[in-house]
Amino acid sequence: MSGSDEQVLAQPLQHRLLPAFYYQQSSNAPIFNGDINGNVINDFHISTLDGLPVSGLQLLYQHAAMGAMHESDERYPPPLCHPGTREVVVVRIIGWHLDSNRRKKRVMWVHAPAGYGKTAVAGTVTEKLKAMRRELGFTPIGATFFFWRTSPERSSPTRLIITLAYQLAQSIPDLRPRIEAVVKSEPDVIEMALEIQLEKLIVEPFECLPGYDAMPNRLIIVDGVDECINWDRESRMERKYAEQQEVVQIRVLDIIHSLHSHHLPLSFLILSRPEAWIKRHLESSRFQEMVEHLDLQEVGDHMNDVKRFVRVELSRIATSFGLEGVDEEWPEEEWLVYQSDGHILYAVTVIRHIDDPYGDPRRLLKDIVESSERNPAISHSTPLSSLHELYRQIMRSCPERNRTLMLEILEDVVAFRIRNHVRKLPCGMAFDFLDHLARRSPGSGIKALRPLHAVMRFGNMDEAIYNVFIHSSFTEFLLTPLTSMEFSVDRGRGEERLLVNMLNCMGSVTMDVIIEQPEEHILFALNNWCHLWSRLSNGQFQESRSSLIQMIQKVLALDLPACLIRPYLSIDDAQKRNRYESPFWRLFSSPTPSNFLVETMESESTDSEWGPFIHTVISRTQSSLDAAFITLLRATDLSDCSPKATWLMACDCVDYLKEVVTRADWRENGLVQELRNPRPKGMVLFMDIFQQYTPQDLKQYVYMSLVRNINPIVDREEHPFQDLVGVDEIDAALSDEGGELVA
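Residues numbered from 1 in each chain as written. Predicted model: local features only at pLDDT ≥ 70, side-chain atom pairs only at ≥ 80, totals over all residues. Heavy atoms only, no water.

Further remarks concern the nonpolar core. One finds Leu-410, Trp-529, Trp-533 and Phe-686 to be the most contacted residues of the largest nonpolar core, which totals 145 residues. Broken down by element, the residue count for this core peaks at eleven residues, all from helix H32 (residues 643-660). By size, the runner-up hydrophobic cluster in this structure holds 58 residues, among which are Leu-59, Met-66, Leu-194 and Leu-201. (Core = buried A, V, L, I, M, F, W, Y, C linked by side-chain atoms within 4.5 Å. Buried < 20%, exposed > 50% of the residue type's maximum accessible area, 1.4 Å probe, protein only. Helix = DSSP H or I, 4+ residues; strand = E, 2+ residues; numbered from the N terminus.)

Attention now goes to the sheet that holds strand E4 (residues 141-146). Working definition: the strands of a sheet are paired by backbone hydrogen bonds and lie parallel or antiparallel to each other. With parallel pairing, the five strands of this open sheet are ordered in space as E4-E5-E6-E3-E7. Each of the sheet's edge strands pairs with one partner strand only, and the pair in question is E4 and strand E7 (291-295). Taken over all neighbouring pairs, the strand axes of this sheet differ in orientation by 15° on average, direction set aside. Strands strand E3 (107-111), E4, strand E5 (218-223) and strand E6 (266-272) of the sheet are contacted by helix H3 (residues 118-131), whose axis makes an angle of about 160° with E5. Its contacts with the sheet place helix H5 (residues 160-171) against E4, E5 and E6, and it is angled at close to 150° to E4. (Pairing = 2+ DSSP bridges. Axes fitted to C-alpha atoms, helices over the stretch in contact; angles between N-to-C directions. Contact = heavy atoms within 4.5 Å.)

Our focus in this paragraph is the pattern of salt bridges. Per the stated rule, a full pass over the model turns up 36 salt bridges. Its salt-bridge partner being Arg-311, residue Glu-333 comes within 2.9 Å of it at the nearest N-O pair. Of the two residues, Glu-333 is situated in helix H14 (residues 333-340) and Arg-311 in helix H12 (residues 302-320); the sequence distance between them amounts to 22 residues. Arg-396 is the partner of Glu-389 in a salt bridge, and the nearest nitrogen-oxygen pair spans 3.3 Å. By sharing partners, the salt bridges in this structure join Glu-408, Glu-411, Asp-412, Asp-435, Arg-440, Arg-493 and Arg-497 into a single network. (Salt bridge = Lys/Arg side-chain N within 4 Å of Asp/Glu carboxyl O.)

Turning our attention to helix H21 (residues 427-437). Here H21 has its buried residues at Cys-427, Ala-430, Phe-431, Phe-433, Leu-434, Asp-435 and Leu-437. The elements touched by buried residues of H21 are helix H19 (403-415), helix H22 (444-449), helix H25 (491-506) and helix H26 (520-537). The first or second residue beyond H21 is Arg-439, which carries a positive phi of 60°.

This part covers the side chain of His-531. Topologically, His-531 is positioned in helix H26. If sequence neighbours within four positions are ignored, His-531 has contacts with Ile-418, Arg-419, Ser-582, Pro-583 and Arg-586.

Here we take up the pairing of E4. Counting buried positions along E4 yields six of six residues, so the element is predominantly enclosed. Relative to E5, E4 is paired through five bridges, and the arrangement is parallel. Of the residues in E5, the one forming a bridge with Ile-141 is Leu-219.

What follows deals with the packing of aromatic side chains. What the rule picks out here adds up to 19 aromatic pairs. The interplanar angle of 50° and the centroid separation of 4.9 Å between the aromatic rings of Phe-686 and Phe-690 together place this pair among those described as tilted. A residue pair is termed a helical-turn pair when its members lie 3 or 4 positions apart in one helix, as Phe-686 and Phe-690 do in helix H34 (residues 683-690) at four residues. Assigned by exposure class, Phe-686 and Phe-690 land together as buried. Considering the side-chain rings of Phe-686 and Phe-721, the 6.3 Å spacing of their centres and the 45° angle between planes classify their relative orientation as tilted. Pair noted here: Phe-686 is in helix H34 and Phe-721 is in the loop between helix H35 (696-708) and helix H36 (727-738), with a separation of 35 residues, a long-range link. Overall, the relative accessible area of 0% leaves Phe-721 in the buried class. An aromatic cluster of at least three residues, connected via ring pairs, comprises Tyr-391, Phe-469, Phe-474 and Phe-477. If you follow Arg-545 out to its NZ or CZ, it ends over the ring of Trp-610, 5.9 Å from the centre. (Phe/Tyr/Trp six-rings, centres within 6.5 Å; stacked < 30°, edge-to-face > 60°. Lys NZ or Arg CZ within 6 Å of the ring centre and 35° of its normal.)

Structure representation (structure tokens):
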């Protein structure tokens, strides 16, 4: 779990709090180096507050995944077990941690399939141990980290050690000055590999404490290891998703093993699904002597837990609807407990479904019973069969005339998670974009999904779109045709349709209207179509040549230079500069940006059938890129751009120039010729371009032209050509050519 099991066993449900049962709102933690999604190349700076350098602890705070902590705003209210449930498990975990026997195993792995309340157990253990602080005389919880696969900040281990170190500095006061001293003396520790961070931020500060081995034991809780799915950059992740998530999850376990090996006064509670690679690793000889295993399915009376939960919730619903007592109004109560088979998520989802202010809860529950009785074999064929059948029943509750639209919008939502920035958009804004892009009437997307309120969050339209599905098991269900049957959704089909919609609306963007502010959904399309194209190039385009050709033809029909220019004009300076924030980062991170549209066809460039088409596409792309950057350099009829926008233009231009200079005739290229004669209005962009890592041959060629033309740029005290290799020799050679031309 898993982060996705959050609040499976929550406090007594009330209708107004139901959407928060698996509550995960977008994090308020500051991100100073952009979206963290693995091996990020950070544009590192020591941040300041009010112009003053921050303390070491403040620097940790700035780079920690604050949303991953137990008491974070992102997770509020924190998932807890329903009163009176999971008591045996909670007591056993607390007893294990407080056991003073130094020979005990210091790592406990709690595992169970999706929906068994693992995160709720972790939250309850945290709360109960914190409540014992006065009795114990110290804070028994050292740190917590709750992974969550759809959260850009919590689906990667990039911030794991920083976040744990920050909390340990808070929970163990003696550690604070030592951790702070490390960060002050080596602020670049924030960028170092996790293993080095582990040594410098946790191990060494502990070992500097006299008598640290006699300190009381603190518990570190790491929940949802199976939810940790990102390590490498996203573009590479998509190609080998399964292998990558195994690698990153094993690395998290190895980091815990390394920390344990130093014999610090720490215990570790790990919670996850029993994925084969996790189970194999934790049962290997390396972990055998240190890990205690706890199968959540085998401990406690799950049926009684579900019965207690169902009784309380049905009583609440009966009261809120003005019905009689549970026994009179809910003869299906016993059936519901039996059908759950101790699986709390099943019971929770049923309660959500029938707790509908616009429906009759008695009728809704009867429909579920009757449907299950018609399919008894399906309902119990596998451990999650009952849950999957329940999901199908919920989807069947949608009027048949609306089901095609409902499935289309579900595909849109799954496809919408294009990049981290997009995943954080509020639900209301995301659905509005999807409706406009698909040319549906406003609000029709939300309306079509309303019957799915038991499995999706619609109560708060400010909720991040990545968190719209209440539980990851529902997403997995939708994407697995074997379980969802007639309700399966195809991510690739959704991404392809979304790209078509984007390209269609981009047709209104031309050089004639370039300075006019486009509608929000058009600007969204302009900012994100390259990212979506990159995803499809790693999937759908490889499987369907006809789809790729159709998309390329749509792109070539656009005023492509205008579509490349317009997004830059809307970039503001609200956040720190981050290379990955460019709307065209996917395009220009390609080794040959001109080939971006036909990368999946490159092997056929000499083919008699496709060769001419590929060469035409590359030529058109080159001319569009040249035209876009030349226009930006001339900047005669464009509004002023923000410094951040100009910097991103320069970064993208330099990446394109790296390709240009590989051509035999690169000196004749129109963009190169424009750089030889910079114009006053394009001077800021020109300077930014040559302050980047510009190819040396190009830089030398442009510098020689500037000197020959007696351009005042080279007279400045500081100009971007001063670091040019052999600049003195160049000046001397040019002086010999004609000294009177050299200023």
